[in-house]
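The lines below spell out each chain.
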Number of protein chains: 2
Amino acid sequence: MSVKIAVLGHGVVGSGVAELFFKNKKSIEKHAGCEMDIKYILDLRDFPDLPYSNRFTKNFDDILNDDEVTAVAECMGGVEPAYTFVKACLEKGKSVSTSNKELVAAKGDILLATAKEHNCNFFFEASVGGAIPIIRPLHRCLAANDIDKVAGILNGTTNFILTKMYNDNMSFEDALKLAQELGYAEKDPTADVEGHDACRKICIISSLVFGKHVYPENVYTKGISEIQLCDVADADILGHAVKLVASVRRLADGRILPCVMPMLVSHENIMAGVNDVFNAVLVYADGIDKAMFYGRGAGKLPTASAVLGDVIEAVKHKVTVFSQTWESSADNSFVASVDELSAKWYFRVPVDCKAVGEGAYRDDNGTSFITTKELTFTQAKEKAEELNAMACIPVLE
Amino acid sequence: MSVKIAVLGHGVVGSGVAELFFKNKKSIEKHAGCEMDIKYILDLRDFPDLPYSNRFTKNFDDILNDDEVTAVAECMGGVEPAYTFVKACLEKGKSVSTSNKELVAAKGDILLATAKEHNCNFFFEASVGGAIPIIRPLHRCLAANDIDKVAGILNGTTNFILTKMYNDNMSFEDALKLAQELGYAEKDPTADVEGHDACRKICIISSLVFGKHVYPENVYTKGISEIQLCDVADADILGHAVKLVASVRRLADGRILPCVMPMLVSHENIMAGVNDVFNAVLVYADGIDKAMFYGRGAGKLPTASAVLGDVIEAVKHKVTVFSQTWESSADNSFVASVDELSAKWYFRVPVDCKAVGEGAYRDDNGTSFITTKELTFTQAKEKAEELNAMACIPVLE
């Protein structure tokens, strides 16, 4: 038997899927247990010089109506037309593997239900953490655990910028410019810099771990554009690195609190050493205590690796993998507001501020300290106003 | 349907399996897709006060001959009688999940073949890296990759000792004594300290990744008992941490080179930040570039988490998972000798030694430096003799 697959989109990720597939075809087939081939690549552009140029089509219906195609890799990005295409494939019983976090965060519940209904699979390992195996470990390897909290560095662009600020004393603006020059940041960097990309990813993790669809619009999201160089330096002196952390934790009453915001991560925490464009996900659970998964969160071949890993799983699984799913959520009362976030906080206040305790650090930029007690988000904002604070950042517990 | 499982051994790991199973029974059953129960626990001792004391048996045949038992967790440790029991279970078509690295490193090929023959599974996620999901990610999530190299901190005891030497300026002897007091090291610490435990684990990884059984006796193994405090300090000044690294790489001619030895790990490498009893595995491959898996490498519940994750997989998979296997190896010509290891090397030589280049660090303990060029293992040993070196340690590339 030879399994025919189709790749939707021949951009960065889609071309990586084709490249890695043809490079490692033999061992991929060995892992899948059968012969495999890419029968179609969907793209509106022409690629006449590629060795596999004869596989391109501009017509999605060629793929949809070919019963020989049983597995599809969706690498187009964006909600539409990806959603329409993916849904149509699943309705025909074709399993789909995607790298599209926007799609999964917006429509994951519907697509998972569609896959179940049609006895196929909707896989999305590549949508969170790029190359890092995290989706499958969460619902399979850690299946015996009760997971309390997940905290991740889920956006490579912002982590690169923060690393440059820390290592090379660059300002946010200069580091962003460098990231754009190196191709790590888009011309319009809003989605990365303001945390929206990380937000989609923590929504996917939250939905998978806690079983109900969490929508990006219900998740407090703050980016790194207000982070000052002096805060990165002061945090270091106080024993911490500043990272954009996307996290979710379960509260005592069973509700969950997902959020995305800059946080101080102790140098004692392995996550503080995650630098440059690398991503990492820390999982806290009752059996394992904690485990971290680290790797490249984006890029052509790293993302392709995750997409193809899913395609191989899709080929091996003839039935829907029921542990990798979640329900739709009509109301969002199970998602707590960020006002309930409780943490120690880093403050930078004017030098002459008297209300700071021991261990504070003073220089021309102000006085920096970390509170000894936990404050809620609301309490911290009130305190920041009271002290005329220039910065107020929570510390990852 | 209710699946009945048996636990062989009620020591640290076995009692952890029972504890975690009963604690998270509901969600475990949800992940497995069916009801589950522990029907037997095999132990020669009595545990009359446990709430599940009625499930104990001293007779292995009770388990073997009960057709209702379809999944077995082996947590006894050691090659015998574990090997006899596990083989007998597999021959009856009962899937076995084990935490026993000695067993897998010595008999993995035979047990995998037995499982295949009887259409069941032999799983061993818990045998490497404790709680860390590494076996399943290697053969499933990274299935589209060509893996070049794996390097791991696979022994928590030695990592604890090296961390204490680094952080607290403790001597090897004092740190070992503390590890014993805390229960991290055995009374006879040889297996940990001399690298034999890490060796078994890299044998399992090597066998899985490269497809042929690698035996511990063919793997160069050196422990940390000769590491001096001044080498840990000098390595730090030269930008590195000393770690006991178990690694395997594929050479240009296709042979593989597994080995266990202390190595210098650059502070730039995320693995340098893996401290205390934590373990980590770095995987280098063509698709992902590199990825690291980090967590607790031992302990009651962490190991139980991995065993139970496997038990759940065994319940879900009615057929043998063919990607998680390797062949027997009648000859070991595919395993290269450590003489071929090529690396930069750290040397500590007498203070008055003239043959050192720039960047060397001098103090009363000698002169420390890292070579600018790579040397083979044999060349490094020759150079060490020539320079009357007090220490000679390779640098992880």
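Residue positions are given per chain, counted from 1 along the sequence in the order it is written. Chains and ligands are labelled by the order in which they are written, letters from A for the one and numbers from 1 for the other. Given that this is a predicted model, residues contribute local features only at a pLDDT of at least 70 and side-chain atom pairs are listed and counted only at 80 or more, while totals for whole chains, interfaces and linings are drawn from all residues. Water and hydrogen atoms play no part in the side-chain values, which are based on all heavy atoms of the structure.

### Notes on the relation of the copies chain A and chain B
Okay, so step 1: When the copies are superposed, the least-squares fit takes in the C-alpha atoms of residues with a pLDDT of at least 70 in both. For the pair chain A and chain B, the relating rotation is 180 degrees, the translation along its axis is 0.0 Å, and the fit reaches an RMSD of 0.0 Å. Expressed as a symmetry operation, the mapping of one chain copy onto the other fits a two-fold axis. Considering only C-alpha atoms, the part of chain A nearest the rotation axis is Phe293(A), at 2.4 Å.
Okay, so step 2: Here 100% of the contact residues of chain A are again contact residues in chain B; the copies associate through an equivalent surface. The contact criterion used throughout is that any non-hydrogen atoms of two residues lie within 4.5 Å.

### Considering the packing of aromatic side chains
Okay, so step 1: Centre distance within 6.5 Å is the pairing criterion for rings of Phe, Tyr and Trp, where only the six-membered ring of Trp is used; planes under 30 degrees apart are then read as stacked, over 60 as edge-to-face, and the remainder as tilted. Using the criterion set out here, one finds 25 aromatic pairs over all chains in the structure.
Okay, so step 2: Here Phe122(B) and Phe124(B) contribute two aromatic rings whose centre-to-centre distance is 6.0 Å and whose plane-to-plane angle is 45 degrees, an arrangement assigned as tilted.
Okay, so step 3: We call a residue buried when its accessible area falls under 20% of the maximum for its residue type, exposed when it is over 50%, and partly exposed in between, using a 1.4 Å probe and counting protein chains only. According to the relative accessible area criterion, Phe124(B) is buried, its value standing at 0%.
Okay, so step 4: The rule for a charge over a ring is simple: NZ of Lys or CZ of Arg within 6 Å of the ring centre, and within 35 degrees of the ring normal. Over the face of the ring belonging to Tyr284(A) we find Lys149(A), whose NZ or CZ atom lies 4.5 Å from the ring centre.

### A few points about the nonpolar core
Okay, so step 1: Judged by nonpolar contacts, the single largest core of 164 residues is most densely connected at Phe122(A), Val283(A), Phe122(B) and Val283(B).
Okay, so step 2: Beyond its immediate sequence surroundings of up to four residues, Phe122(B) is in contact with Val86(B), Leu90(B), Val96(B), Thr98(B), Val104(B), Gly108(B), Leu111(B), Leu112(B), Ala115(B) and Gln324(B). Definition of nonpolar core: a set of buried residues of the types Ala, Val, Leu, Ile, Met, Phe, Trp, Tyr and Cys, connected through side-chain atoms within 4.5 Å.

### What to know about the sheet that holds strand β15 (residues 361–363) of chain A
Residues and elements named next belong to chain A.
Okay, so step 1: We treat two strands as partners when DSSP finds at least two bridges between them. Per the convention used, a helix needs a DSSP run of H or I reaching at least four residues, while a strand needs a run of E reaching at least two, with both numbered from the N terminus. Reading across the sheet, the four strands line up as β15-β16-β14-β18 and stay open at both edges, with antiparallel pairing between neighbours. Of all the strands in the sheet, just β15 and β18 (391–394) have a single pairing partner and so form its edges. Strand-to-strand, the axes of this sheet are offset by a mean angle of 10 degrees, without reference to chain direction.
Okay, so step 2: Relative to strand β16 (residues 366–370), β15 runs antiparallel, the two sharing three bridges. Each bridged residue has a counterpart across the sheet, and for aspartate 363 the counterpart in β16 is glycine 366. Each axis is a line fitted through C-alpha atoms, taken for helices only over the stretch in contact, and angles between the N-to-C directions span 0 to 180 degrees.

### Things to note about the pattern of salt bridges
Residues and elements named next belong to chain A.
Okay, so step 1: Definition used for salt bridges: Asp or Glu carboxyl oxygen within 4 Å of a side-chain nitrogen of Lys or Arg. Applying the stated criterion to the full structure yields 46 salt bridges over all chains.
Okay, so step 2: Lysine 87 is the salt-bridge partner of glutamate 91, the closest N and O atoms lying 3.1 Å from each other. Of this pair, glutamate 91 and lysine 87 are both found in helix α4 (residues 82–91), four residues apart, which corresponds to roughly one turn of the helix.
Okay, so step 3: Given a relative accessible area of 39%, glutamate 91 falls into the partly exposed group.
Okay, so step 4: By relative accessible area, lysine 87 is classed as partly exposed at 22%.

### Focus: the interface of chain A and chain B
Okay, so step 1: Taken together, the contact between chain A and chain B spans 47 residues of the former and 47 residues of the latter.
Okay, so step 2: At the junction of chain A with chain B, the criterion picks out six salt bridges.
Okay, so step 3: Among the salt bridges present, the one from Arg140(A) reaches Glu313(B), with a minimum N-O distance of 2.7 Å.
Okay, so step 4: Any pair of N or O atoms that falls within 3.5 Å is considered a polar contact. Within protein, one atom must be able to donate a hydrogen and the other to accept it, and sequence-neighbouring residues count only if both atoms are side-chain atoms. Our count for the chain A to chain B interface comes out at 18 residue pairs in polar contact (both at pLDDT 80 or more).
Okay, so step 5: Where the side of chain A that touches chain B is concerned, the elements lending two or more residues are α1 (12–23), α2 (25–32), α6 (135–141), β12 (289–296) and α12 (300–316) of chain A.
Okay, so step 6: Here the term charged refers only to Asp, Glu, Lys and Arg, the term nonpolar to Ala, Val, Leu, Ile, Met, Phe, Trp, Tyr, Cys and Pro, and the term polar to all other amino acids, Gly among them. The residue inventory of the side of chain A that touches chain B, partitioned by class, reads 23 nonpolar, 13 polar and 11 charged.
Okay, so step 7: Here β12(A) runs beside strand β12 (residues 289–296) of chain B; their pairing, made up of five bridges, is antiparallel. If you follow Met292(A) over to β12(B), its bridge partner there is Tyr294(B).

### Some details on the side chain of Asn269(A)
All names here are of chain A.
Okay, so step 1: Inspection of the secondary structure puts asparagine 269 in the loop between β10 (256–266) and β11 (278–285).
Okay, so step 2: When its relative accessible area of 13% is taken as the criterion, asparagine 269 is described as buried.
Okay, so step 3: Aside from chain neighbours lying at most four places away, what touches asparagine 269 is Leu282, Tyr284 and Leu396.

### Comments concerning the packing of α1(A) against α12(A)
All names here are of chain A.
Okay, so step 1: Direction vectors running N to C along α1 and α12 enclose 70 degrees, while the axes themselves pass 8 Å from each other. In terms of their interaxial angle, α1 and α12 are classed as roughly perpendicular. The element α1 and its partner α12 pack so that their crossing is right-handed. Residues Val12, Val13, Ser15, Gly16, Val17, Glu19, Leu20 and Phe21 of α1 form the contact with α12, whose own contacting residues are Lys300, Leu301, Thr303, Ala304, Ser305, Val307 and Leu308.
Okay, so step 2: Residue classes in the contact of α1 with α12 are distributed as nine nonpolar, four polar and two charged. Convention used here: angles under 35 degrees read as roughly parallel, angles over 145 as roughly antiparallel, angles from 65 to 115 as roughly perpendicular, and any remaining angle as oblique. Less than a right angle of anticlockwise turn of the near helix away from the far helix marks a crossing as left-handed, whereas a clockwise turn marks it as right-handed.

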